[in-house]
Amino acid sequence: MEIGEIIHTFKNSDNFWVGIARDGLSVLAILAVIGILSQLFFGMWTPMVAVESGSMEPHMYRGDIIFIEDLDRTQIETLRNAPADYISFEKKGDVILYRPYGQKGVTPVIHRAMYFVEEGEQMWEGGPEAPHEGYITKGDNTKTNSYYDQQGQISYLTPVKEEWIIGVARYKIPYIGHIRLLLS
């Protein structure tokens, strides 16, 4: 049997197991296309995260799916230095996804980059000097996030180093992340 005949038989067979194999190959092909498109558009194979807390309300809610662009493909615009017309999730400055203290085994934090500090510069007015350069970050929720992450427990006295940043939030799909949160 030639290749063309094998393909024709595979495509048109009524056999149960051949049908299962066709369906499985279809699913694999769809996943491959999604993975390739994710890599092309966002620079990551898995560019989505589910928001796990309310720290970014009212701009992101628990259960929203957020699409992240790889840091190698963009630059971070902070709230302090973003152009006047630059808006990200209804506010100036980019929302970044980072690993607190660079730890790989912890849940990443998704908060807004407020400004960048150099080593030795005060991290905030009247605050301590930065031990190294990095970003000062904060959640958008004014009720739960009245202080910078570096003033509290999230990234205490430690600016976010660029190598700790996974990427920049670009888009969201509301509510769908609840499924992911239920499974974890």
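Reading the values: the criteria
- Residues numbered from 1 in each chain as written.
- Predicted model: local features only at pLDDT ≥ 70, side-chain atom pairs only at ≥ 80, totals over all residues.
- Heavy atoms only, no water.
- Helix = DSSP H or I, 4+ residues; strand = E, 2+ residues; numbered from the N terminus.
- Contact = heavy atoms within 4.5 Å.
- Areas by Shrake-Rupley, 256 points an atom, 1.4 Å probe, with all protein chains shown as cover.
- Pairing = 2+ DSSP bridges.
- Axes fitted to C-alpha atoms, helices over the stretch in contact; angles between N-to-C directions.
- Buried < 20%, exposed > 50% of the residue type's maximum accessible area, 1.4 Å probe, protein only.
- Phe/Tyr/Trp six-rings, centres within 6.5 Å; stacked < 30°, edge-to-face > 60°.
- Lys NZ or Arg CZ within 6 Å of the ring centre and 35° of its normal.
- Salt bridge = Lys/Arg side-chain N within 4 Å of Asp/Glu carboxyl O.

Enquirer: Residue-level account of the overall build of the protein chain, with values.
Expert: A count of helical and extended segments in the protein chain gives three helices and six strands. Along the chain direction, N to C, the helices and strands of the protein chain fall in the order α-α-β-β-β-β-β-β-α. In terms of its C-alpha atoms, the protein chain occupies a principal-axis envelope of roughly 80 × 35 × 30 Å. Nonlocal contacts in the protein chain, meaning residues at least 24 apart in sequence, comprise 58% of its contacts between residues at least 6 apart. Total accessible area on the protein chain is roughly 11,400 Å²; 58% of this is exposed by carbon and sulfur atoms.

Enquirer: Lay out the sheet that holds strand 6 (residues 165–173) with the relevant residues and their values.
Expert: Strand order in the open sheet formed by six strands is 1-2-6-3-4-5, and the pairing between neighbours is antiparallel. Edge positions in the open sheet fall to strand 1 (48–50) and strand 5 (134–138), since each of these has one partner strand only. Put simply, the sheet's adjacent strands are angled 50° from each other on average, direction ignored. Pairing of strand 3 (residues 95–98) with strand 4 (residues 109–117) involves four bridges; the strand directions are antiparallel. Residue pairing for strand 4: I96 is matched across the bridge by H111.

Enquirer: Tell me what's going on with the pairing of strand 4, and back it up with residues and numbers.
Expert: In terms of burial, strand 4 is largely enclosed, as eight of its nine residues are buried. For strand 4 and strand 5, the ladder comprises five bridges, and the chain directions are antiparallel. For F116, the partnering residue across the bridge sits in strand 5 and is Y135.

Enquirer: Quick one: what's the story with the packing of aromatic side chains, residue by residue and with numbers?
Expert: Counted according to the given criterion, the structure contains four aromatic pairs. With centroids separated by 5.0 Å and ring planes inclined at 80°, the aromatic side chains of F16 and W17 adopt a geometry described as edge-to-face. Consider the rings of Y115 and Y148, whose centres lie 5.6 Å apart with planes at 90°: the pair is edge-to-face. Within this pair, whereas Y115 is found in strand 4, its partner Y148 is found in the loop between strand 5 and strand 6, the two being separated by 33 residues in sequence. Judged by relative accessible area, which is 4%, Y115 ranks as buried. Joined through ring pairs, the aromatic side chains of Y115, W124 and Y148 make up one cluster. The ring of Y115 has R80 sitting right over it, with the charged end atom 3.8 Å from the ring centre. The ring centre of Y148 lies 5.9 Å from the NZ or CZ of K138, which sits over that ring.

Enquirer: Would you mind going over the pattern of salt bridges in detail, with residue names and values included?
Expert: Scanning all chains against the criterion turns up five salt bridges. Here D64 makes a salt bridge to K172, at a shortest N to O gap of 3.7 Å. Placement of the pair is D64 in the loop between strand 1 and strand 2 (65–70) and K172 in strand 6, with a sequence separation of 108 residues. Judged by its relative accessible area of 30%, K172 falls in the partly exposed class. Of the charged contacts in the structure, one is a salt bridge between R170 and D94, with a shortest N-O distance of 3.3 Å. Residue R170 is found in strand 6, and its partner D94 is found in the loop between strand 2 and strand 3; the two are separated by 76 residues along the sequence. Its relative accessible area of 22% is what places R170 among the partly exposed residues. Judged by its relative accessible area of 0%, D94 falls in the buried class. Overlapping salt bridges, with partners in common, bring together E69, D94 and R170 in one network.

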